[in-house]
Amino acid sequence: MALSPTNNAALLQEVDEAVRKDQLDSVMRRYGRWIIGGVAGGLLAFGGYLYWNHSQDVARGERAEELVAAFEKVTAGQPAAANEALKKIEAAGDPAYRAAALIQQANIKAQGGDLKAAAALMAQAAADTKLDPTLRDMALIRQTAFEFDTLKPDQVIARMKPIVDAKDPQSSWFASAAELTAIAHYRLGQYDKAGALYGRIAKLPDVPKSLQSRTVQMAGMLGVDAVPDGAADDGTKTKTDGTASGAAAVTKTEEKK
């Protein structure tokens, strides 16, 4: 008796399943140990990654606690103990915490009057290519500030130029770099360049009030209207008419004497 179409389909399915089972049995007999070993190895590797990731998180947490403890020693007036703790963090290897330790050590040296040692520590952070560029810019600016009195104005301008000229995006440290550059231009008698930079700083959005006030006044002395658009006349606004021009002229005359 002939099988119905439904029975034919069922038979073909049974045959197909039997063939697949035979093939699977054959594969398992030949490669079963390797397959099981590969799966086990994969699980071990994944477990190892999870453990490594967890250990890294724990280590970062420990570094953070050590850094906070070192800062507390600085606040408590224990620079020697703070330096020792910061050196241990520096030696631990994590780039971000190493940079934080170097920068804080530099600040301690600067507070103690050793600007040369402070600048050297900042230079280490500025030269570390593993650090975020923003952090390196900050370290370079601090290094330059510590060395400012020993550098020629042209050296300051050249060092700060990449930060001052950065666009899309503008460096978050533009204001500090531009102020150092403006002072250097002023010392060279390049009053137009100094005034233009002071003006750019003063008109930055969200610039600290103390910096804005200082740069508005300096720009005004150099004949540049740096009062931010819409600013209230609350004492921050500096006149840039004949009085400002006269002040700039007096300043230039005194520089030439």
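Residues numbered from 1 in each chain as written. Predicted model: local features only at pLDDT ≥ 70, side-chain atom pairs only at ≥ 80, totals over all residues. Heavy atoms only, no water.

*Asks:* Explain the overall build of the protein to me, and be specific about the residues and the numbers.
*Replies:* Assigned secondary structure in the protein consists of 10 helices and 0 strands. Beginning at the N terminus, the succession of helices and strands in the protein can be written as α-α-α-α-α-α-α-α-α-α. In the protein, once contacts between residues fewer than 6 apart in sequence are set aside, the share between residues at least 24 apart is 45%. (Helix = DSSP H or I, 4+ residues; strand = E, 2+ residues; numbered from the N terminus. Contact = heavy atoms within 4.5 Å.)

*Asks:* How would you summarise the packing of aromatic side chains if you had to cite specific residues and measurements?
*Replies:* Tallied over the full model, the rule gives 1 aromatic pair. Judged by centre distance (5.1 Å) and plane angle (75°), the rings of tyrosine 186 and tyrosine 191 are edge-to-face. Taken individually, tyrosine 186 and tyrosine 191 each receive the classification buried, so the pair is uniform in this respect. (Phe/Tyr/Trp six-rings, centres within 6.5 Å; stacked < 30°, edge-to-face > 60°. Buried < 20%, exposed > 50% of the residue type's maximum accessible area, 1.4 Å probe, protein only.)

*Asks:* I'd like a description of the packing of helix H5 (residues 133-147) against helix H6 (residues 153-165), backed by residues and values.
*Replies:* Contact geometry of H5 with H6 gives a least axis separation of 11 Å together with a crossing angle of 160°. Relative to H6, H5 is oriented roughly antiparallel. Both H5 and H6 take part in a crossing whose hand is left-handed. Each of Asp137, Leu140, Ile141, Gln143, Thr144 and Glu147 in H5 lies in contact with H6, whose residues at this interface are Val156, Arg159, Met160 and Ile163. Residues that form the contact of H5 with H6 fall into these classes: 5 nonpolar, 2 polar and 3 charged. (Axes fitted to C-alpha atoms, helices over the stretch in contact; angles between N-to-C directions. Parallel < 35°, antiparallel > 145°, perpendicular 65-115°, else oblique. Left-handed = near helix turned anticlockwise from the far one by under 90°. Nonpolar A, V, L, I, M, F, W, Y, C, P; charged D, E, K, R; others polar.)

*Asks:* Give me the lowdown on the environment of aspartate 94, citing residues and values where you can.
*Replies:* Following the sequence through the fold, aspartate 94 ends up in the loop between helix H2 (79-91) and helix H3 (95-111). According to the relative accessible area criterion, aspartate 94 is partly exposed, its value standing at 24%. Linking aspartate 94 and leucine 131, residues 37 residues apart in sequence, is a C-alpha distance of 9.9 Å.

*Asks:* Hey, could you go over the packing of H3 against H5 for me, with residue numbers and the actual values?
*Replies:* Relative to each other, H3 and H5 sit at 15°, their axes nearing to 12 Å. Taken as axis vectors, H3 and H5 run roughly parallel relative to one another. Viewed along their axes, H3 and H5 form a crossing whose handedness is left-handed. Where H3 approaches H5, its residues Ala99, Ile103, Asn107 and Ala110 are matched on the opposing element by Leu135, Met138, Arg142 and Phe146. For the contact of H3 with H5, a count of residues per class yields 6 nonpolar, 1 polar and 1 charged.

*Asks:* How would you summarise the nonpolar core if you had to cite specific residues and measurements?
*Replies:* Residues Val156, Met160, Val164 and Ile201 are the most contacted members of the largest nonpolar core, which totals 30 residues. For this core, the secondary-structure elements that each account for two or more residues are H6, helix H7 (174-187), helix H8 (191-202) and helix H9 (209-221). Once residues within four sequence positions are removed from consideration, valine 156 is found in contact with Thr144, Phe148, Leu151, Leu180 and Ala184. Core analysis: the next-biggest nonpolar cluster, separate from the first, contains 15 residues, Leu102, Ala118, Leu121 and Ala139 among them. (Core = buried A, V, L, I, M, F, W, Y, C linked by side-chain atoms within 4.5 Å.)

*Asks:* Now, about unusual backbone geometry: what can you tell me, with residues and values included?
*Replies:* The phi angle at aspartate 206 is positive, at roughly 65°, despite the residue not being glycine. With respect to the helices and strands, the residue aspartate 206 is situated in the loop between H8 and H9. Judged by relative accessible area, aspartate 206 falls into the exposed class, the value being 80%.

*Asks:* Give a description of the side chain of asparagine 107 that names residues and reports values.
*Replies:* One can find asparagine 107 in helix H3. When its relative accessible area of 17% is taken as the criterion, asparagine 107 is described as buried. With sequence-adjacent residues up to four places away left out, asparagine 107 is seen in contact with Met122, Arg142 and Phe146.

*Asks:* Give a detailed account of H3, specifying residues and quantitative values.
*Replies:* For H3, which comprises 17 residues, the first-to-last C-alpha distance of 24 Å matches the rise-based estimate of 24 Å (1.5 Å per residue) to within 8%. For H3, the tally of buried residues reaches 12 of 17 residues, placing the bulk of the element in the interior. Following H3 by one or two positions, glycine 113 has its phi on the positive side, about 95°. (Expected span 1.5 Å × (residues − 1).)

*Asks:* Please set out the environment of leucine 188 residue by residue, giving values where relevant.
*Replies:* Looking at where leucine 188 falls in the secondary structure, it is placed in the loop between H7 and H8. Measuring from C-alpha to C-alpha, the distance between leucine 188 and aspartate 154 comes to 8.3 Å, with 34 residues separating the pair along the chain. Beyond its immediate stretch of four places on either side in the chain, leucine 188 contacts Pro153, Asp154 and Ile157.

*Asks:* Lay out the pattern of salt bridges with the relevant residues and their values.
*Replies:* In total, this model carries 5 salt bridges according to the counting rule given. Of the charged contacts, one joins glutamate 147 and arginine 159 as a salt bridge, the two residues approaching to 2.7 Å between their closest N and O atoms. Here glutamate 147, found in helix H5, pairs with arginine 159, found in helix H6; they are 12 residues apart in sequence, far enough to count as distant. With a shortest N-O distance of 2.7 Å, aspartate 165 and lysine 161 are connected by a salt bridge. Of this pair, aspartate 165 and lysine 161 both sit in helix H6, 4 residues apart, which is roughly one turn of that helix. (Salt bridge = Lys/Arg side-chain N within 4 Å of Asp/Glu carboxyl O.)

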